[in-house]
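Descriptive analysis of the structure
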Amino acid sequence: MLDQILWGNSIEKWLITAAILLASFVAGRIVAAALTALAGRVPIAVVRVIAAGVQGPVTAIVLLFGARVALESLLLPDGAKVLIANATTFLSVLVLTWLCARAYDAIHRGVFEPYARKPGSSVDLHLFVVLRIIVNVVTWVVGSASALNSVGFEVSAILAGLGIGGMALALASQDTVANLFGGLLVLTQRPFKIGDRVEVGAVNGWVTHIGLRNTLLRNWYGREVMVPNKMFTDSVVVNIDAQQLYYQEARLRLDPRSSAADVQSALQILADIVRELPEIDKTPWIMFDKIDHGHFEIEFWYGIPRWRREESATIPNEYEKICRAKSKMNLEILRRFEAAGLRLAVPMEIHLKASGPGDRA
């Protein structure tokens, strides 16, 4: 029965071919497991990560080798042998491409992402996400072109056609391309990061997501605003959270009947308030600025330390922090000025009536 001919070969040969294929698969799994076990003894973490990530491609390479040996042992037409040779060559190049892609993915997940997630890391995680996409696309494009070239396809003609089509597509989607370039600019130059409050165009809010085409901001009303990334290249971008202090200006106008000692006392009171209030930075700007008509003016600048997410349990956002500090500052000024007998200037309007013929002198 085993000598019976089926498709030009005996059943025995077909069974041997199937056994070789099964043995190749098992051998591939054994080689992959052995590679992982050997890598586990190496003290370098990245080697272990790569070995764990390339088990599939290693198994496929051994299986392809066994398939090539098994099929060549059969009696097949010349055309079928050429087809099998080309197919195995094509698949071998693709599997090697898969091996390279998996090796990079393993490095990306095991090395790059943990580094980006470390506190104080100088590289944003989104930058590695973009890098991963670019490396994978380039790897597969080069690998696919090499695989096609290995079986006789004219890759240059295909690439030329893709270039013309890509140019037409780029012209038809200029906004999309502009947004993609804007996204790459944001992710590489890092003018802001997730969690920062920024202002771009008429949008003011906190960054919640940075994508290749759009960036999401959450505004004061809790609404998610999708901002096209090209706005970050076409508009002025203000990173409000890049500053360490929120500066506040207060122009205090004293009653014009105040003496020099009163003005000096007011300056000292402001310095004392800044020194004693924990909500205020200790580097104010206080000066006697103007002797004007109807008032003496003191220019007073003070800083409020930037709101941080660690404070969210007691202070929900930066606006709340600024309002609390301003309210406390203004109340302290009024209390201490009142206790010291200092009077603020009261705006006065004087209406002059022109004299007429019937008016008395």
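The following refers to the structure shown. (Residues numbered from 1 in each chain as written. Predicted model: local features only at pLDDT ≥ 70, side-chain atom pairs only at ≥ 80, totals over all residues. Heavy atoms only, no water.)

Observations concerning the overall build of the chain
What the chain contains, in helices and strands, is 10 helices and 10 strands. Counting all 361 residues of the chain, 30% fall into the buried class. Taking as baseline every contact in the chain between residues at least 6 positions apart, the subset at least 24 positions apart corresponds to 60%. Accessible surface, the chain as shown: approximately 22,400 Å² in total, 65% of it carbon and sulfur. (Helix = DSSP H or I, 4+ residues; strand = E, 2+ residues; numbered from the N terminus. Buried < 20%, exposed > 50% of the residue type's maximum accessible area, 1.4 Å probe, protein only. Contact = heavy atoms within 4.5 Å. Areas by Shrake-Rupley, 256 points an atom, 1.4 Å probe, with all protein chains shown as cover.)

Some words on the sheet that holds strand β9 (residues 285–292)
The strand order across the open sheet formed by three strands is β8-β10-β9, and the pairing between neighbours is antiparallel. Across the chains shown, the open sheet's two edge strands, defined by having one partner strand only, are β8 (245–254) and β9. Strand after strand, the sheet turns through a mean of 20 degrees between neighbouring axes, direction not considered. Sheet analysis places β8 next to strand β10 (residues 295–305), joined by 10 bridges and oriented antiparallel. Directly across from L252, in β10, lies its bridge partner I298. (Pairing = 2+ DSSP bridges. Axes fitted to C-alpha atoms, helices over the stretch in contact; angles between N-to-C directions.)

Points about the pattern of salt bridges
Here the structure, examined in full by the defined rule, presents 17 salt bridges. The salt bridge involving R253 is made with E297; its shortest N-O contact spans 3.0 Å. Taken together, the residues span a long stretch of sequence, with R253 in strand β8 and E297 in strand β10 at a distance of 44 residues. The exposure class assigned to E297 is buried, which follows from its relative accessible area of 2%. Here the salt bridges share partners, and the residues they tie into one network are E249, R251, R253, D289, K290, E297 and E299. (Salt bridge = Lys/Arg side-chain N within 4 Å of Asp/Glu carboxyl O.)

Description of the packing of aromatic side chains
Both the distance between ring centres and the angle between the ring planes are used here to describe each pair of aromatic rings. According to the stated counting rule, one finds three aromatic pairs in the structure shown. Taken together, a centroid distance of 5.2 Å and an interplanar angle of 35 degrees make the contact between F300 and Y302 tilted. By relative accessible area, F300 is classed as buried at 0%. Among the residues examined, Y302 registers a relative accessible area of 3% and is labelled buried. (Phe/Tyr/Trp six-rings, centres within 6.5 Å; stacked < 30°, edge-to-face > 60°.)

Notes on the nonpolar core
Inside soluble globular proteins, nonpolar side chains tend to come together where they are buried. With 27 residues, the main nonpolar core has I280, F300, M329, I333 and F337 as its most contacted residues. When residues of this core are assigned to their parent elements, the largest contribution, seven residues, is made by helix α9 (residues 260–276). Among residues more than four places away in sequence, those in contact with M329 are I273, V274, L277, I280, F300 and Y302. (Core = buried A, V, L, I, M, F, W, Y, C linked by side-chain atoms within 4.5 Å.)

Digging into the pairing of β10
Most of β10 sits inside the fold, with nine of its 11 residues counted as buried. Here seven bridges tie β9 to β10, and the two strands are oriented antiparallel to one another. Directly across from D292, in β10, lies its bridge partner H295. Counting the residues that bridge the hairpin from β9 to β10 gives two residues, and of these G294 lies at a positive phi of roughly 90 degrees.

Describing the side chain of D272
Position of D272 among the secondary structure elements: in helix α9. Within the structure, the side chain of D272 is placed 2.9 Å from the side chain of R275, a separation counted as a polar contact. (Polar contact = N/O pair within 3.5 Å; in protein donor to acceptor, adjacent residues only side chain to side chain.)

Observations regarding a nonpolar patch on the surface
Together, L21, L22, F25, V26, I30 and L63 line one region of the surface with nonpolar side chains, adding up to about 510 Å² of accessible area. The element best represented in the nonpolar patch is helix α1 (residues 11–40), accounting for five residues. For F25, the position within the fold is in helix α1. The exposure class of F25 is partly exposed, given its relative accessible area of 40%. (Patch = residues over 30% accessible without salt bridge, like charges linked within 9 Å, V, L, I, M, F, W, Y side chains within 5 Å.)

Some details on the sheet that holds strand β4 (residues 203–210)
If you trace the five strands from one edge of the open sheet to the other, you get β6-β5-β4-β3-β7, paired in antiparallel fashion. Each having just a single partner strand, β6 (224–228) and β7 (237–239) make up the two edges of the open sheet. The average undirected angle you get between the axes of adjacent strands in this sheet is 40 degrees. Relative to β7, strand β3 (residues 197–200) runs antiparallel, the two being bridged by three bridges. Paired with V198 across the two strands is N239, which belongs to β7.

Some thoughts on α9
With 17 residues, α9 ought to run about 24 Å at 1.5 Å a step, and its terminal C-alpha atoms sit 24 Å apart, in line with that. Looking at α9, one finds that the buried residues are V263, A266, L267, I269, L270, D272, I273 and V274. Along its buried surface, α9 packs onto β8, β9, β10 and α10 (318–339). (Expected span 1.5 Å × (residues − 1).)

Quick look at the packing of α9 against α10
For the pair α9 and α10, the least separation of the axes is 10 Å and the interaxial angle reads 140 degrees. Compared by their axis directions, α9 and α10 come out oblique. Crossing angle aside, the handedness with which α9 passes α10 is right-handed. Of the residues in α10, those in contact with A266, I269, L270, D272, I273, V274 and E276 of α9 are M329, E332, I333, R336 and F337. Broken down by class, the residue content of the contact of α9 with α10 amounts to eight nonpolar, no polar and four charged. (Parallel < 35°, antiparallel > 145°, perpendicular 65-115°, else oblique. Left-handed = near helix turned anticlockwise from the far one by under 90°. Nonpolar A, V, L, I, M, F, W, Y, C, P; charged D, E, K, R; others polar.)

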